[in-house]
Amino acid sequence: MATATRTNPLSYLTEQLNDLKTKGTYFHLRVLEDEQAPECTFDGKRVINLASNNYLGLTTHPKLREAALEATRKYGVGSGAVRTIAGTMRIHMQLEEKIARFKNVEACVVFQSGFAANAGTVSAVLGKDDFIISDQLNHASIIDGARLSRAKILVFEHKNIADAEAKLASIADQSGKKLLITDGVFSMDGDIGPLPALCDLAEKYGAIMMVDDAHASGVLGRNGRGTVDHFNVHGRVDIQVGTLSKAIGALGGYVCGSRDLIEFLYHRARPFLFSTSHPPSVAATCIAAFEVLEEEPQRIEKLWENTRFWKKELALLGFDIGGKTTPASETPITPIIIGDGKRTLEFSRELFKEGVLGTGITFPTVPEGKARIRTIMTATHTRDELDHALNVLGKVGKRMGILN
Ligand SMILES: *Cc1c(COP(=O)(O)O)cnc(C)c1O
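Residues numbered from 1 in each chain as written. Predicted model: local features only at pLDDT ≥ 70, side-chain atom pairs only at ≥ 80, totals over all residues. Heavy atoms only, no water.

## As for the packing of aromatic side chains
Logical step 1: Applying the stated criterion across every chain yields a total of five aromatic pairs.
Logical step 2: Ring plane angle 65° and centroid distance 5.1 Å describe the contact between Phe-102 and Phe-290, whose orientation is recorded as edge-to-face. Placement of Phe-102 in helix 3 (residues 90-103) and of Phe-290 in helix 11 (residues 280-295) is noted, with a sequence separation of 188 residues between them. One exposure class covers both Phe-102 and Phe-290, and it is buried.
Logical step 3: Plain terms: the ring middles of Phe-319 and Phe-347 are 6.2 Å apart, the flat faces sit at 35° to each other, and that makes the pair tilted. (Phe/Tyr/Trp six-rings, centres within 6.5 Å; stacked < 30°, edge-to-face > 60°. Helix = DSSP H or I, 4+ residues; strand = E, 2+ residues; numbered from the N terminus. Buried < 20%, exposed > 50% of the residue type's maximum accessible area, 1.4 Å probe, protein only.)

Here it is in structure tokens:
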């Protein structure tokens, strides 16, 4: 057997990892040993969890668990094919109908993830002669979709309507299609996209209007119907994306809109055509989740009550929770801005040692100099858990000189 000594062609990756280690932004994955819950065990340590997108506590809801188990018993564990070949089960269609009714739109298509929904949709509806006008802080899956479409990308300053209009005006005489797109809730700052003003612009310039409601699904609007409902701009947003992976508690993404938009995506969205559909258990779980949104509105009320308490207390402690050099949060996502990436990750590690999981977020996920601990409130955090977390944040914040 040849034992040729071959130089490792991937050695440049090791060098880049070493760079991260020098910079102090190298991380290990924290491993959850039990359920995704407000108090749980990561790497063998009991912590208050301030990092989960499980806004309503649905990951462990008895009704959702039971739905998943029943669907598994009835239909097995997998769908066996992509949707267009043999992988469309009755339960997939039922979920799409359920979501379309909930959102009060003609039709809905479900993807394997929110990422796939965004990337698959943007790349399918636009081509190389078209334009995408995109908020600076839009999610990576929108950016990837835009790149895949080969459309020209015009980025406007975060929530800056005048800049968005300037970008639209600069291409007003171009024949290509224009897609104006924003996150409903921005995932790193927790502020809300200015939908009414953007809808006005889309109408004025004849652009397609699209919203990515990943962090608004189950959080904003009546029973968690999202930002279109929150702002009452029904009928003015052509493409609404949502996720099933955050507040809904399972996994997946969806697109809502006209019947023809959805039919078109059935024919052209590449993740739909080339990647296997959800296991029946996931579809069943999501159907049950939408029932819970309608039957248990108190979960959303509790989420907002906890959110108000949390923001008030963090500000009282003296943390920078946005609004000065970064956008001000209006949702259960509250960033604690630290600035330096290395210091942020140190803060996060110290919090963990004291029993609080607050994930540090650094460049490139947020701009250089805007590193932060992103905290997320849920409906299921108890007051005791929050008090404990606030104690630890205050203590460690002072010890590290982040608080006076
Ligand atoms: C999380 C997120 C997504 C991706 O959703 P997944 O279902 O986790 O793939 C898309 N857009 C935004 C704004 C998000 O925050």
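## What to know about the pairing of strand 2 (residues 45-49)
Logical step 1: Bridging between strand 1 (residues 39-42) and strand 2 involves four bridges; their strand directions are antiparallel. Bridged to Phe-42 within strand 2 is Lys-45.
Logical step 2: Between strand 1 and strand 2, which pair antiparallel and follow one another directly, the connecting turn spans two residues, one of which, Asp-43, has a positive phi of 50°.
Logical step 3: Here two bridges tie strand 2 to strand 11 (residues 356-357), and the two strands are oriented parallel to one another. The residue bridging Ile-48 from the neighbouring strand is Val-356, located in strand 11. (Pairing = 2+ DSSP bridges.)

## Considerations on the sheet that holds strand 12 (residues 360-361)
Logical step 1: Strands sit in the order 10-13-12 across an open sheet of three strands; the sheet is antiparallel. A strand with exactly one partner marks an edge of an open sheet, and here the two such strands are strand 10 (333-339) and strand 12.
Logical step 2: The pairing of strand 10 with strand 13 (residues 371-376) spans six bridges and is antiparallel. For Thr-334, the partnering residue across the bridge sits in strand 13 and is Thr-375.
Logical step 3: Each of strand 10 and strand 13 touches helix 12 (residues 298-317); the most contacted strand, strand 10, lies at about 20° to it.
Logical step 4: Each of strand 10, strand 12 and strand 13 touches helix 13 (residues 341-353); the most contacted strand, strand 13, lies at about 40° to it. (Contact = heavy atoms within 4.5 Å. Axes fitted to C-alpha atoms, helices over the stretch in contact; angles between N-to-C directions.)

## Section: the pattern of salt bridges
Logical step 1: Scanning the model with the defined rule gives 28 salt bridges in all.
Logical step 2: Its salt-bridge partner being Arg-299, residue Glu-296 comes within 2.6 Å of it at the nearest N-O pair.
Logical step 3: On the basis of relative accessibility, which here comes to 19%, the residue Glu-296 falls in the buried class.
Logical step 4: For the salt bridge of Glu-354 with Arg-399, the shortest nitrogen-to-oxygen distance reads 3.1 Å. With Glu-354 in the loop between helix 13 and strand 11 and Arg-399 in helix 14 (residues 383-399), this pair connects stretches of sequence that are 45 residues apart.
Logical step 5: Judged by its relative accessible area of 47%, Arg-399 is partly exposed.
Logical step 6: Via salt bridges that share partners, Glu-350, Lys-353, Glu-354, Lys-395 and Arg-399 belong to a single interconnected network. (Salt bridge = Lys/Arg side-chain N within 4 Å of Asp/Glu carboxyl O.)

## Points about the packing of helix 4 (residues 114-125) against helix 9 (residues 259-268)
Logical step 1: Following both chains from N to C, one finds helix 4 and helix 9 inclined at 95°, their axes separated by 10 Å at the closest point. One way to sum up the angle between helix 4 and helix 9 is to call them roughly perpendicular. Judged by residue contacts, Thr-121, Ala-124 and Val-125 of helix 4 engage Leu-261, Phe-264, Leu-265 and Arg-268 from helix 9. (Parallel < 35°, antiparallel > 145°, perpendicular 65-115°, else oblique.)

## Examining helix 9
Logical step 1: Listed as buried for helix 9 are Leu-261, Ile-262, Leu-265 and Tyr-266. One side of helix 9 holds all its buried residues, which, seen down the axis, span an arc of 140°. Those residues of helix 9 that are exposed and aimed more than 90 degrees away from the buried face are Asp-260 and Arg-268.
Logical step 2: Elements that come into contact with the buried residues of helix 9 comprise helix 3, strand 3 (107-111), helix 4, strand 8 (239-243), strand 9 (253-257) and helix 10 (270-274). (Arc of directions from axis to C-beta.)

## Considering the sheet that holds strand 5 (residues 152-156)
Logical step 1: Here we have seven strands laid out as an open sheet, ordered 3-9-8-7-6-4-5, and mixed in their pairing. Since the sheet does not close on itself, it has two edges, and those belong to strand 3 and strand 5, each with one partner. With strand direction ignored, the average angle separating the axes of adjacent strands in the sheet is 20°.
Logical step 2: Sheet topology places strand 6 (residues 178-183) next to strand 7 (residues 208-212); five bridges connect them, and they run parallel. When the sheet's bridge partners are listed, Ile-181 is paired in strand 7 with Met-210.
Logical step 3: Sitting on the sheet, helix 9 is in contact with strand 3, strand 8 and strand 9, with an inclination near 140° to strand 9.

Nothing here speaks to function; it is all geometry.
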